[in-house]
Amino acid sequence: MAIQPRHVFRRSIAAIVAHLALMPLAPVHAGEPDKRGWEPTRPIRLLVPYGPGGSSDVIARAVAAEMSNGLGQAIVVENKGGGQGTIATAEAARATPDGYTLILGHVGTLAVNPAMMPKLAYDPERSFAPVTLLAKVPMIFAVGDKVGAKSLPEFVALARAKPGALNYGSAGNGSAGHLAFEMLKTAAGIDVRHVPYKGTGAQINDLLAGNIDAASAGTPGLLEHARSGRVRIVAVGSAKRLAVLPQVATVAEQGYPGFESSQWFGILAPAGTPAPVVARLNAEAIKALRSASVQRRLEQDSSETIGQGPQQFAAFIKAERTRWARVVSDAKLASSQ
């Protein structure tokens, strides 16, 4: 076989390189994973199943803003209250499982509603792919400035003196505030009427106006008004006192040992969302929770940041469903419809 001269060989290699340079590159599809995993190519919706002004709104917006930075796409928070949180939650369950629609899961929608409402438009276990548990928020109990009670024992004494005369508001049937106050009623043996509202903001407005006597909510909704003296916080539902309210005793300290009530929030995607999408969302959510901005914002309201894997979150939801089913049963709150 004839040996090609070196200059001919070099010209051949150069021709091949030039030909390859002119060939079109293989197409890169939008959303194709890179080294970081799934990459969103348009804004993501985060549905919040309650109105603005409460813990859900505060946590969702703080975390969404930080996650947007990490994902390179905006996470748009949409408050869609109503139906005890079922409207937004059912919408998320029906959404295309592509990572572009998320739901802020809550103790009310995922643990309480299944016990209270036998016919739900979503299955808390099968309709969603859990992403991560974001935070826990202790419940606090407050009275309006027209109510004479300055402590929980004084409020209980007023309620016992006039059964059914006092009332309390909540963010809605099945909300964390509703269940927390029902737990208190059962523990203290008092008769206080429930007034449900469409969200924490509406509930607190009526408490400030004196249209209701008491309320239970997370710290974000009540703390500012307590500091201004417009409402009085008579107890906290956590196991220990809060750093922002060191002078307020827990329910357990005021005569009801073992009492503890907190609400929690997490992110979920529709069932069937691809694992790489869930993994990327989980990583960005946990990174957001560890950021200084989110830590500062949530600490202001005594929120405890969590962050955990999807399987851990799924197990947590299952355990909470069992726990709150007992509370619903004890308070006889289950619907027959």
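All residue numbers refer to position in the chain's written sequence, counted from 1. Totals for whole chains, interfaces and linings use all residues, but because this is a predicted model, local features are given only for residues with pLDDT of at least 70 and pairs of side-chain atoms are given and counted only at 80 or more. Side-chain numbers come from the whole structure's heavy atoms, not from hydrogens or water.

(A) The packing of aromatic side chains, seen in detail. Pairing of aromatic rings covers Phe, Tyr and Trp, the last counted by its six-membered ring, and requires centre-to-centre distances within 6.5 Å; plane angles under 30 degrees mean stacked, over 60 mean edge-to-face, and any other angle means tilted. Using the criterion set out here, one finds eight aromatic pairs in the structure. Arranged with centres 5.5 Å apart and planes meeting at 70 degrees, the rings of Trp 38 and Tyr 100 form a pair that is edge-to-face. In this pair, Trp 38 sits in the loop between helix 1 (6–22) and strand 1 (44–48) while Tyr 100 sits in the loop between helix 3 (86–94) and strand 3 (101–106), placing the two residues 62 residues apart along the sequence. Here the two residues Trp 38 and Tyr 100 agree in accessibility, since each one is buried. With a centroid separation of 6.2 Å and 80 degrees between ring planes, the pair formed by Phe 155 and Phe 181 is classed as edge-to-face. Residue Phe 155 is found in helix 5 (residues 152–161), and its partner Phe 181 is found in helix 6 (residues 176–188); the two are separated by 26 residues along the sequence. Categorising residues by exposure relies on relative accessible area from a 1.4 Å probe, with only protein chains included: less than 20% of the type maximum marks a residue as buried, more than 50% marks it as exposed, and the intermediate range marks it as partly exposed. For Phe 155, a relative accessible area of 2% corresponds to the buried category. The exposure class of Phe 181 is buried, given its relative accessible area of 1%. Put simply, the rings of Phe 141, Phe 155, Tyr 168, Phe 181 and Phe 259 touch in pairs and so form one group of aromatic residues. Any Lys NZ or Arg CZ found within 6 Å of a ring centre and within 35 degrees of that ring's normal is scored as a charge over the ring. The positively charged end of Arg 42 is found above the aromatic ring belonging to Tyr 100, 3.7 Å away from the centroid. Helix and strand definitions follow DSSP, with helices as H or I runs of at least four residues and strands as E runs of at least two, each counted in order from the N terminus.

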